[in-house]
Amino acid sequence: RLRQRNRLTLEEDKPAVERCLEELVFGDVEDNEDALLRRLQGSRVQVQEDSGDSEVENEAKDNFLFQKKPVWVDEEDENDEMVDMLSNRFRKDMMKNASESKLSKDKLQKRLKEEFQHAMGGVPAWAETGKRKTSSDGESEEDEDDLLQRTGNFISTSASLPKGILKVKNCLHANAERPTTARISSVQFHPCAQVVMVAARDNAVSLFQVDGKTNPKIQSIYLEKFPIFKACFSATGEEVLATSIHSKVLYVYDMLAGKLIPVHQVRGLKEKIVRSFEVSPDGSFLLINGVAGYLHLLSMKTKELIGSMKINGRVAASTFSSDSKKLYASSGDGEVYVWDVNSRKCLNRFVDEGSLYGLSIATSRNGQYVACGSNCGVVNIYNQDSCLQETNPKPIKAIMNLVTGVTSLSFNPTTEILAIASEEMKEAVRLVHLPSCTVFSNFPVIKKKTVSLVHTMDFSPRSGYFALGNEKGKALLYRLHHYSEF
């Protein structure tokens, strides 16, 4: 009664228009408030029942859509028609053995699905069937709506390179506009421009613009009676350095001035022949591998001798660390020496596990790995910290996919690929995925036999391209699709 008395008091204060509207909506419930509550609860139950019926009807409609039968069926489609696998080069690569020269359409479809899942690393989320939306789908839909309201380039690859299958395309040879039959001695990409340099034993250094289609020639530099042993860009890309197989002269080509400068003699350098050399990543130093275990450090700017270092045995290969503060020298007796560049003191000396004598060495751009190639075809990948502290470090992984001496090693700029090659056997090149240390199974395509003997290789500044130089005078060029930039 008290509650009814209060309600009546409130009703008296309401305007006549408001009371009239309430009577139209709720009816005349002045005498029975409980009747109003029952009416409201009844309407709520009715709404729930109606919504339940609609869900059942919608689900029935969905099932009806999937149960529809086709109006017409082609009987020939039901026949198990055989597909010739040898008539198409893409299908030929999917054959597991010679007996699969012909496959049924169903088996071919399954094989294509397997190849796709292998390349994608599993079944993508968008390809999964029977997946129902969860409560989190509402948030994702809101994100998609927000994405569609903005403009820009949203096409990008995953952050890290997946292992197993490498998305690679064979492009036109980098030196197609200047063909040669002489052995390619050096292939290197320009550090700043979309240009590749190809040097061969025919005394010529050529520059090509890289577009993957025509690769137009920019310039060729001919060095008379100078079969090139190695050619290399400076760190800034303003100079090209070249050495010969039987000369002590070091040629420097100034690309900005267009001048060729021969360095006939370096004061204090007593080497009769200058062949193998390395340029420091910061562009300050030039390292020349001498005979009898000597390493000569020169100023890159003045080409003057700063100092010399000596190891036991002969120098097989050398390289700078990514910060240019240390250098690694692989010796002919299977040991690796680590030197401090500024003080020219030996920081450590370690044994390359299982190596009789070394042939190649490389360091990664991020300062994490050191790779050592030996005469037996094994590539040991070490943690760089262990190489500085231990005399017998254990490799992270020993890559044993080559059976002849590993003569070339190269990390890509993102430290996701290590290229290894041997010039002693045809098609002896592999690309190793990091950090899994597994070899990409689809490179090279052994059946095509287009690689031949690899003498040199390099990655472009952002890993978009990979180049190989062989003994037939071809600079093979490949596009790595995972990387969007040059």
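Refer to the structure presented above.
Residues numbered from 1 in each chain as written. Predicted model: local features only at pLDDT ≥ 70, side-chain atom pairs only at ≥ 80, totals over all residues. Heavy atoms only, no water.

Among the nonpolar cores identified, the biggest contains 19 residues, and Ile 417, Val 429, Leu 431, Phe 466 and Leu 468 are the most heavily contacted of them. Contributing elements (two or more residues each) for this core: β25 (417–421), β26 (429–433), β28 (454–459), β29 (465–470) and β30 (475–480). Beyond its immediate chain neighbours, meaning those up to four positions away, Val 429 contacts Leu 402, Ile 420, Ala 421, Phe 443, Pro 444, Val 451, Val 454, Met 457 and Leu 468. (Core = buried A, V, L, I, M, F, W, Y, C linked by side-chain atoms within 4.5 Å. Buried < 20%, exposed > 50% of the residue type's maximum accessible area, 1.4 Å probe, protein only. Helix = DSSP H or I, 4+ residues; strand = E, 2+ residues; numbered from the N terminus. Contact = heavy atoms within 4.5 Å.)

With five of six residues buried, strand β16 (residues 315–320) is to be regarded as a mostly interior element. Inspection of the sheet shows β16 paired to strand β17 (residues 326–331) by five bridges, in the antiparallel sense. Looking at β17, one finds that Phe 320 is bridged to Leu 327. Hairpin connection from β16 to β17: five residues lie between these consecutive antiparallel strands, with Ser 324 at a positive phi of about 65 degrees. (Pairing = 2+ DSSP bridges.)

Below, the discussion takes up the sheet that holds strand β3 (residues 168–170). With respect to topology, four strands assemble into an open sheet ordered β3-β30-β29-β28, the strand pairing being antiparallel. Among the strands making up the open sheet, the edge pair consists of β3 and β28. With strand direction ignored, the average angle separating the axes of adjacent strands in the sheet is 25 degrees. Across five bridges, β28 lies against β29 in antiparallel orientation. Bridged to Asp 458 within β29 is Ala 467. (Axes fitted to C-alpha atoms, helices over the stretch in contact; angles between N-to-C directions.)

A separate point is empty space enclosed by the protein. Considering all chains together, one arrives at three cavities of 30 Å³ or more under this definition. A volume near 80 Å³ is recorded for the largest cavity. In this structure, the largest cavity is lined by Lys 248, Leu 250, Val 263, His 264, Gln 265, Val 266, Leu 269, Glu 271, Val 274 and Ile 288. By volume, the second largest cavity is sized at about 50 Å³. In this structure, the second largest cavity is lined by Asn 175, Arg 178, Thr 180, Ile 184, Val 198, Ala 199, Ala 200, Asp 202, Ala 204, Ser 206 and Phe 208. Elements supplying a minimum of two residues to the lining of the second largest cavity: β5 (195–200) and β6 (204–209). (1 Å grid on protein atoms, 1.4 Å probe; cavity = no way out; pocket = protein on both sides within 12 Å on 5 of 7 lines; lining within 4 Å. Points joined across faces, edges and corners; volume = space filled by probe spheres on them.)

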